[in-house]
Amino acid sequence: MASLRQGCGDLRGLVSTFTQSCQGSLSEAQGQVSWALGALSAGGAGTQLPEGQQGPPTGCPGRLLELKGNIRVLCRLRPGTPCSLVSVEAGPGGTVTTCYRGRQRRFHLDWVFSPDASQEEVFGELEPAVLSCLQGYSVCIFTYGQTGTGKTYSMEGPPEDPGIAPRALQSLFREMGTGGQHRVTLSMVEIYNEAVRDLLAPGPPERLAVRQGPAGQGGIQVAGLTHWDVPNLETLHQMLSLGRSNRATAATSMNPRSSRSHALVTLTLCAASPPSAPGTAGTLHLVDLAGSERAWKAGATGTQRGDPNSAQRLREAQTINRSLLALGGVMAALRARRSHVPFRDSQLTRLLQPALGPGTTAVLLLQISTRPEDLGETVCSLKFAERVGQVELGPARRRKAPRSETPSSLSTDTPLTGTPCTPTRSPVSPPSPSPDSSSYSALGPSGDLPP
Ligand code: ADP
Ligand code: MG
């Protein structure tokens, strides 16, 4: 009854804001279509873009796919010995062809990166979406794949060859310049054995409670989540390495530093606004998922002799599999446009709910291996990715900042709570936490801005 009541409340909230959000989406779509038509005719005539149009509005790189609001799926192959059972056609609209158990299958993706693709090339494909956060768009980039295929390498990268996260932050801060027009707020959590832990809490990582938001407003609340105001890039990097060092990792036979948790970094960028107009609040979610392989394959069978931790590894693998299964269920429901999307089936999907809501931009970076012994997992991952590519979230919409200017974390359109806290001893000295992070940030669907 309680959950039915909650669902009813959510529905009421949606209905009451439907007209507004519809109008917002409509004018956003009109803007995007007129830009696309302008760009097409300019391209056809081999001339400049129409007068007054400098280029694609940020967040609208001009792809038909993005006009529809599909989740974009990119695929990157881990470097290794080439294998005749996996062949690729790299580039936009690329394909991966596998030969598994005597059956050939070709998978179509939005972009395929060959094994020798650089970190720079991968980020180049994502940069326009990342920068659109400065205009108030919500963007979620997540890496998916078997353990050891390079998810963390692509997302974080080694210091000498940084990955998506450090490049994205650098690009955002470079774009913002020193104007001080944006307030940047950071939060970071991991989901380990279905427990949500605050990786940036001033003390030891705390377990957080994820709750459904108040009836009628929808969304989720993460009670006690720490948000930090980030004044500059250097501080941001320090905070991210603090979060990374707090993340639970353990060894499995597939990857000696395998990540056994999902890590979610959320950056909120609230733009200062003139007094008469609402500011914007863009959000960048960077999600490094734990490995998607089956429990037995990771050597986490729980029965291995001589390994006192194998039961622990088995439990980790099982909860990871369950949460990724829940993610698959959510994607299937979104793809089929079902009225009920089972976001509540796992902590991962609950936290990803705002990042996969209508009007958000999502990009899945699939990491695969070409090793013959991984072929079964590679095919499973590709099937998952191909299905995700059919999910439509609708054209991207900008969000306006809440009146209180409290940035929301892990959410662009749902209220969340954060608790102000006094920093205690920690590996780096973080800046002061957001002073008003204890208040609700309410960015409802009514927060959509016209383009
Ligand atoms: P995952 O996060 O998927 O478990 P990792 O990112 O930890 O995998 O990668 C496993 C290993 O493979 C690491 O040692 C990493 O440095 C290496 N690796 C992955 N992708 C690449 C790549 N594109 N170039 C060089 N090394 C890579
Ligand atoms: Mg990893």
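See the structure shown above.
Residues numbered from 1 in each chain as written. Chains lettered and ligands numbered in written order. Predicted model: local features only at pLDDT ≥ 70, side-chain atom pairs only at ≥ 80, totals over all residues. Heavy atoms only, no water.

(A) Structural context of the overall build of the protein chain. Counting its secondary structure elements, the protein chain contains 9 helices and 17 strands. Counting across all 451 residues of the protein chain, residues that qualify as buried make up 54%. When contacts within the protein chain are restricted to residue pairs at least 6 apart in sequence, those whose partners lie at least 24 apart make up 72%. Looking at the protein chain as shown, the accessible area adds up to about 19800 Å², and 53% of this sits on carbon and sulfur atoms. (Helix = DSSP H or I, 4+ residues; strand = E, 2+ residues; numbered from the N terminus. Buried < 20%, exposed > 50% of the residue type's maximum accessible area, 1.4 Å probe, protein only. Contact = heavy atoms within 4.5 Å. Areas by Shrake-Rupley, 256 points an atom, 1.4 Å probe, with all protein chains shown as cover.)

(B) Looking closely at the packing of aromatic side chains. For the structure on display, the rule yields 2 aromatic pairs. Between Tyr-144 and Phe-384, the ring centres sit 4.2 Å apart and the planes meet at 15 degrees, which makes this aromatic pair stacked. Residue Tyr-144 is found in strand 7 (residues 138–145), and its partner Phe-384 is found in helix 9 (residues 375–388); the two are separated by 240 residues along the sequence. One exposure class covers both Tyr-144 and Phe-384, and it is buried. (Phe/Tyr/Trp six-rings, centres within 6.5 Å; stacked < 30°, edge-to-face > 60°.)

(C) Just the environment of Gly-93, in detail. Inspection of the secondary structure puts Gly-93 in the loop between strand 3 (91–92) and strand 4 (95–100). Considering only alpha carbons, one finds Gly-93 and Asp-110, 17 residues apart in sequence, at a separation of 4.6 Å. Filtering out sequence-adjacent residues up to four positions away, Gly-93 remains in contact with Leu-109, Asp-110 and Trp-111.

(D) Inspection of the sheet that holds strand 2 (residues 86–89) at higher detail. Across the sheet, 3 strands lie side by side as 2-4-5; this open sheet has antiparallel pairing. Whereas interior strands pair on both sides, the edge strands pair on one side only; in this sheet they are strand 2 and strand 5 (103–108). Adjacent strand axes in the sheet meet at a mean angle of 15 degrees, parallel and antiparallel pairs treated alike. With 4 bridges connecting them, strand 2 and strand 4 associate as antiparallel partners. (Pairing = 2+ DSSP bridges. Axes fitted to C-alpha atoms, helices over the stretch in contact; angles between N-to-C directions.)

(E) Spatial organisation of the site of ligand 1. Residues in close proximity to ligand 1 total 12 residues, the closest being Arg-78, Gly-148, Lys-151, Thr-152 and Tyr-153. Take Lys-151: an N or O atom from its side chain is 2.8 Å from an oxygen atom of ligand 1. Here Tyr-153 contributes a backbone N or O atom positioned 2.7 Å from an oxygen atom of ligand 1. Coverage of ligand 1 by the protein chains reaches 73% of its 560 Å² of free accessible surface. Take the shell around ligand 1: its biggest share by element is 3 residues, from helix 4 (residues 151–155). Tallied by class, residues from the shell around ligand 1 come to 2 nonpolar, 7 polar and 3 charged. (Near = heavy atom within 4 Å. Polar contact = N/O pair within 3.5 Å; in protein donor to acceptor, adjacent residues only side chain to side chain. Nonpolar A, V, L, I, M, F, W, Y, C, P; charged D, E, K, R; others polar.)

(F) Structural detail: unusual backbone geometry. With phi around 50 degrees, Asn-193 is a residue other than glycine that occupies positive phi space. Its location among the elements puts Asn-193 in the loop between strand 8 (182–192) and strand 9 (195–198). The exposure class assigned to Asn-193 is buried, which follows from its relative accessible area of 12%. We note that Glu-194 has phi near 65 degrees; this positive angle belongs to a residue other than glycine. Here Glu-194 shows up in the loop between strand 8 and strand 9.

(G) Expanded view of helix 3 (residues 119–131). The terminal C-alpha atoms of helix 3, which comprises 13 residues, lie 17 Å apart, in line with the 18 Å expected from a rise of 1.5 Å per residue. Within helix 3, the axis deviates most sharply at Glu-125, by approximately 45 degrees, and proline Pro-128 lies no more than four positions further along. Within helix 3, the full set of buried residues consists of Gln-119, Val-122, Phe-123, Glu-125, Leu-126, Ala-129, Val-130 and Leu-131. (Expected span 1.5 Å × (residues − 1). Bend = angle between axes of the 7 residues up to and from the residue.)

(H) Geometry of the packing of helix 3 against helix 5 (residues 164–176). Taken N-terminus to C-terminus, the directions of helix 3 and helix 5 make an angle of 50 degrees; their axes are 10 Å apart at the nearest point. Here helix 5 runs oblique to helix 3, going by the angle between their axes. Both helix 3 and helix 5 take part in a crossing whose hand is right-handed. Between helix 3 and helix 5, the contacting residues are Gln-119, Glu-120, Val-122, Phe-123, Leu-126, Glu-127, Val-130 and Leu-131 on the first element and Ile-164, Arg-167, Ala-168, Ser-171, Leu-172, Arg-174 and Glu-175 on the second. A per-class count over the contact of helix 3 with helix 5 returns 8 nonpolar, 2 polar and 5 charged. (Parallel < 35°, antiparallel > 145°, perpendicular 65-115°, else oblique. Left-handed = near helix turned anticlockwise from the far one by under 90°.)

(I) Layout of the pairing of strand 4. Taken together, the 6 bridges between strand 4 and strand 5 define a ladder with antiparallel strand orientation. Bridge pairing in strand 5 links Tyr-100 to Arg-103. Between strand 4 and strand 5, which pair antiparallel one after the other, the connecting turn spans 2 residues, and Arg-101 there sits at a positive phi close to 50 degrees.

(J) Fine view of the nonpolar core. Ranked by size, the top nonpolar core spans 50 residues in total, and within it Cys-75, Phe-142, Leu-327, Met-331, Leu-351, Leu-352 and Leu-356 carry the most contacts. Ranked by residues supplied to this core, first place goes to helix 7 (residues 310–335) with 7 residues. Not counting the four nearest positions on each side in its chain, Phe-142 is found in contact with Val-287, Leu-289, Leu-327, Met-331, Leu-356, Ala-362, Val-363, Leu-364 and Leu-365. Formed by 40 residues, the second largest nonpolar core is a distinct cluster that contains Leu-134, Ile-141, Ala-168 and Met-239. (Core = buried A, V, L, I, M, F, W, Y, C linked by side-chain atoms within 4.5 Å.)

(K) Highlighting the pattern of salt bridges. Counted under the stated rule, the structure contains 11 salt bridges. The salt bridge partner of Arg-106 is Glu-89, with a shortest N-O separation of 3.9 Å. Of the two residues, Arg-106 sits in strand 5 while Glu-89 sits in strand 2, which places them 17 residues apart along the sequence. With its nearest N and O atoms 3.6 Å apart, the salt bridge here joins Glu-127 to Arg-174. A residue pair is termed long-range when its members are at least 10 positions apart, and Glu-127 in helix 3 and Arg-174 in helix 5 qualify at 47 residues. Accessibility expressed as a relative area gives 22% for Glu-127, which makes it partly exposed. On the accessibility criterion, Arg-174 (57% relative accessible area) is exposed. (Salt bridge = Lys/Arg side-chain N within 4 Å of Asp/Glu carboxyl O.)

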